[in-house]
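# Close look at the chain arrangement
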Amino acid sequence: MPSLQHVPVIDSHTGGEPTRVVMDNGPTLGEGALSQRLTRFRQHHDEFRSTVVNEPRGSDAMVGALLCTPVDTSCVAGVIFFNNVGYLGMCVHGTIGVVATLYHAGQITPGLHRIETPVGVVTVQLDPDGVVTVQNVISFRHAANMTVKLDDGQCVTGDVAWGGNWFFLVDNYTRPLRLCDVEALTNFARKIRRALQQNGITGADNAEIDHIELFGPPDTAGAHSRNFVLCPGGAYDRSPCGTGTSAKLACLAAEGKLAPGQWWRQEGILGSIFEGSYLIAPGGIAPSIRGTAHITAEAKLILDPRDPFRQGIRGQTPIST
């Protein structure tokens, strides 16, 4: 029998969005900053990313989280996030999932903890009831009221903002944001992203805007807004999107529509809620996002060298094409 490789993972979902944490047997990425290790991951071990999150073991919606030894010894863990087509600088729903996983595995207790990511250290508060508050990276609005013309002739106006990933945020979307309309919403968001690329609209330092976020009225009493977020790999975010909510808070702060310390309740396409607030910080705002993750599975991925899809079904197309 050929030698089988086993990769232990713990799965969770945060507001409906799945996270798969690789607990052991990941690729050897060496030492140095997590940003450097992410580069090595991308350049030399991308097949492992596909193995973990792509079909037949995963799905387009799955976000992977590779636990790493942090450089900052005050951190309980380092983590690199990835999805079906690439890598994420930060992932708030994934961070909430990582915290729930570490608690489930007996590696942390309720309290305040620090987690290192490729874009910086984030602080998390785990409450005894399982609620996690993530103090996300500094977020800011990069550009306001940017208008693009879609290939069907329609003009769309939105803001460009950073919340740990780059977003184009379209407020007051004219149609209902309903789960039954995900295909139409996805196609519309694809057109927006393509128009941004064609018009050379980017984030800071020509960074690609790889998340599109639409907003409309909420369905849940007490919520302030409902959103639909299309992620880089073409899947929609099942949760209200933590980095997207951070970007939204940055835009609200820039417009003077939300005061520091005031809570914003962001509803996602499934009706799940993230709560967010912020404090003023150098270069933007320091957002805090609050949500809950639930453990769904403990498993060992089996990598059989005879399996033609051992490294996942690759070749998924980013939403830009």
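Higher on the page you've got the structure.
Our subject in this report is the structure included herewith. (Residues numbered from 1 in each chain as written. Predicted model: local features only at pLDDT ≥ 70, side-chain atom pairs only at ≥ 80, totals over all residues. Heavy atoms only, no water.)

On to the layout of surface pockets, then. Volume-wise, the largest pocket comes out at about 350 Å³. Around the largest pocket sit 20 residues that line it, and Thr 157, Leu 169, Val 170, Asp 171 and Asn 172 are the ones nearest its centre. Residue assignment for the lining of the largest pocket shows that the elements contributing at least two residues are strand E9 (140-149), strand E10 (155-162), strand E11 (166-170) and helix H5 (242-255). The calculated volume of the second largest pocket comes to roughly 260 Å³. In terms of residue class, the lining of the second largest pocket is made up of eight nonpolar, five polar and three charged. (1 Å grid on protein atoms, 1.4 Å probe; cavity = no way out; pocket = protein on both sides within 12 Å on 5 of 7 lines; lining within 4 Å. Points joined across faces, edges and corners; volume = space filled by probe spheres on them. Helix = DSSP H or I, 4+ residues; strand = E, 2+ residues; numbered from the N terminus. Nonpolar A, V, L, I, M, F, W, Y, C, P; charged D, E, K, R; others polar.)

Looking now at the pattern of salt bridges. Opposite charge on two side chains makes pairing possible when the charged atoms of those side chains draw close. With the rule as written, the count across this model stands at 16 salt bridges. Here Arg 49 makes a salt bridge to Asp 46, at a shortest N to O gap of 2.7 Å. A residue pair is termed a helical-turn pair when its members lie 3 or 4 positions apart in one helix, as Arg 49 and Asp 46 do in helix H2 (residues 46-53) at three residues. Taken individually, Arg 49 and Asp 46 each receive the classification buried, so the pair is uniform in this respect. (Salt bridge = Lys/Arg side-chain N within 4 Å of Asp/Glu carboxyl O. Buried < 20%, exposed > 50% of the residue type's maximum accessible area, 1.4 Å probe, protein only.)

All right, on to empty space enclosed by the protein then. A water-sized probe, rolled over the atoms, reveals where empty space remains. Within the structure shown, the criterion is met by one cavity of 30 Å³ or more. In this structure, the largest cavity spans a volume of roughly 180 Å³. Surrounding the largest cavity, 24 residues form its lining, Glu 17, Val 63, Leu 88, Cys 231 and Asp 237 being those nearest its centre.

Phe 81, Phe 168, Ile 192, Leu 214 and Phe 228 are the most contacted members of the largest nonpolar core, which totals 60 residues. Counting residues per element, this core draws most heavily on helix H4 (residues 182-198), at seven residues. Apart from residues no more than four positions distant in its own chain, Ile 192 is found in contact with Leu 150, Val 156, Phe 168, Val 170, Ile 212 and Leu 214. Membership of the second largest hydrophobic core comes to 18 residues, among which are Val 9, Met 62, Cys 68 and Phe 82. (Core = buried A, V, L, I, M, F, W, Y, C linked by side-chain atoms within 4.5 Å. Contact = heavy atoms within 4.5 Å.)

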